[in-house]
Amino acid sequence: MEICALTNIGLIRNKNQDSYLTVYNNNYDLLVLVCDGIGGNKAGEVASYEIVKYFERVFGNHNGFKDDEDVITYFKYHVRVASNHVYDLSLKNEDYEGMGTTISGLVVSSLGNFVINAGDSRVYGLFDSTLLPLTKDHTLVNELIDRHVISEKEALTHPKRHYLTRFLGVYEGLSADVYKIMDRYETFLVCSDGLHGYVEKEIMLRILNDPDTDLAAKGDYLIKAALEAGGYDNITLVLVKKELRHEE
């Protein structure tokens, strides 16, 4: 596998509240995480950092999974433990009160691929020159779309389009969606909304589909595109390019 991981503060914010992680366990399963500290709350950068440091430790010492259910149970449990850890820190320090973070993750394991998600960071998969979202944003506008209250076009300019309905750390007992995905994707993109919220998917797809650009340069071009779109938020991305197995 080939990996490119990048983060950029953007052009507006005075601190970077995003954190990311790429780590292998003892079975050489890969975990990728992108966490975006909740904007407007205290110490969002602390919340996102604490989540990735927790998983760096526990997953880095993990010996592998026995089946799909083991993967799902493991991550649901540890996301909840990590979230409770952030919540406990917020109770002990008034400077951390209300801190929280999104989480989006990719697991590339000997059992297949899995995604983790709470909030509006995203995992995408590139397949057959098409960029497909593999996670669903936990936002108010997505709930309104699902209830047919607003259209997807109206959601793009809705005044509450950034309101999250799920996140980690703010309350006790929070967790994330964890599920298996198909094994057909040749490249994955895990990113914060500083990228996907400002760069059109067609632009991201054009960059990722360029056969003459290596993975590191594609990451640089994605960051550049977000900055050219205004750089209104922190921008974090991890690209993972797999070696696909082909049937003989």
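Refer to the preceding data block for the structure.
Note that this is a predicted model, so its numbers are computed, not measured.

Trainee: With reference to specific residues and values, describe the sheet that holds strand 5 (residues 112-118).
Mentor: Across the sheet, five strands lie side by side as 2-3-4-5-8; this open sheet has antiparallel pairing. Pairing within the sheet leaves two strands with one partner each, and these edge strands are strand 2 (18-24) and strand 8 (177-181). With strand direction ignored, the average angle separating the axes of adjacent strands in the sheet is 10°. As defined by bridge partners, strand 3 (residues 30-36) adjoins strand 4 (residues 103-109) across five bridges and the pair is classed as antiparallel. Bridge pairing in strand 4 places V32 opposite L106. Packed on one face of the sheet, helix 1 (residues 44-60) meets strand 2, strand 3 and strand 4 and runs near 5° to strand 2. Where helix 2 (residues 68-92) meets the sheet, it contacts strand 3, strand 4, strand 5 and strand 8, and its direction lies at approximately 155° from that of strand 8.

Trainee: Give me the environment of I203: which residues, what numbers.
Mentor: Mapped onto the elements, I203 comes out in helix 6 (residues 201-209). Separated by 200 residues in the primary sequence, I203 and I3 have C-alpha atoms spaced 20 Å apart.

Trainee: Tell me what's going on with the sheet that holds strand 6 (residues 122-127), and back it up with residues and numbers.
Mentor: Spatial strand order, 1-10-9-6-7: five strands in an open sheet with antiparallel pairing. Strands with a single pairing partner mark the edges of an open sheet, and in this sheet they are strand 1 (2-8) and strand 7 (130-133). Pairwise comparison of adjacent strand axes, ignoring direction, gives a mean angle of 20° for this sheet. Here helix 6 sits on the sheet and contacts strand 6, strand 7, strand 9 (187-191) and strand 10 (235-241); the angle it forms with strand 7, its principal contact strand, is near 125°.

Trainee: Go over the pairing of strand 5, please, and point to the residues and values.
Mentor: Burial of strand 5 is extensive: seven of the seven residues sit out of reach of the surface. Two elements, strand 4 and strand 5, share seven bridges in a ladder whose sense is antiparallel. Across the sheet, residue V107 finds its bridge partner in strand 5, namely F114. Where strand 4 folds back onto strand 5 in an antiparallel hairpin, the turn is made up of two residues. Pairing of strand 5 with strand 8 involves five bridges; the strand directions are antiparallel. Its bridge partner lying in strand 8, N113 is registered against I181.

Trainee: Provide a residue-level description of the side chain of D18, including the pertinent values.
Mentor: Relative to the helices and strands, D18 resides in strand 2. Put simply, D18 is tucked away with no salt bridge, and the nearest opposite charge, on R13, sits 7.2 Å away. A distance of 3.0 Å separates the side chain of D18 from the side chain of S192, its partner in a polar contact. In terms of polar contacts, D18 uses its side chain to reach the side chain of T236, at 2.8 Å. Residues contacting D18, with those up to four places away along its chain left out, are T7, C35, D36, G37, S48, S192, N234, I235 and T236.

Trainee: Would you mind going over the nonpolar core in detail, with residue names and values included?
Mentor: Counting 35 residues, the largest nonpolar core has L31, I51, F55, F75, I103 and I116 as its most contacted members. When contributions to this core are tallied by element, the ones reaching two or more residues are strand 2, strand 3, helix 1, helix 2, strand 4 and strand 5. Among the elements that take part in this core, helix 1 stands out by supplying eight residues, more than any other. Within the second largest apolar cluster, 19 residues are counted, among which are Y124, A225, A226 and L237.

Calculation rules
Residues numbered from 1 in each chain as written. Predicted model: local features only at pLDDT ≥ 70, side-chain atom pairs only at ≥ 80, totals over all residues. Heavy atoms only, no water. Pairing = 2+ DSSP bridges. Helix = DSSP H or I, 4+ residues; strand = E, 2+ residues; numbered from the N terminus. Axes fitted to C-alpha atoms, helices over the stretch in contact; angles between N-to-C directions. Contact = heavy atoms within 4.5 Å. Buried < 20%, exposed > 50% of the residue type's maximum accessible area, 1.4 Å probe, protein only. Lys, Arg positive; Asp, Glu negative; His and termini not counted. Salt bridge = Lys/Arg side-chain N within 4 Å of Asp/Glu carboxyl O. Polar contact = N/O pair within 3.5 Å; in protein donor to acceptor, adjacent residues only side chain to side chain. Core = buried A, V, L, I, M, F, W, Y, C linked by side-chain atoms within 4.5 Å.

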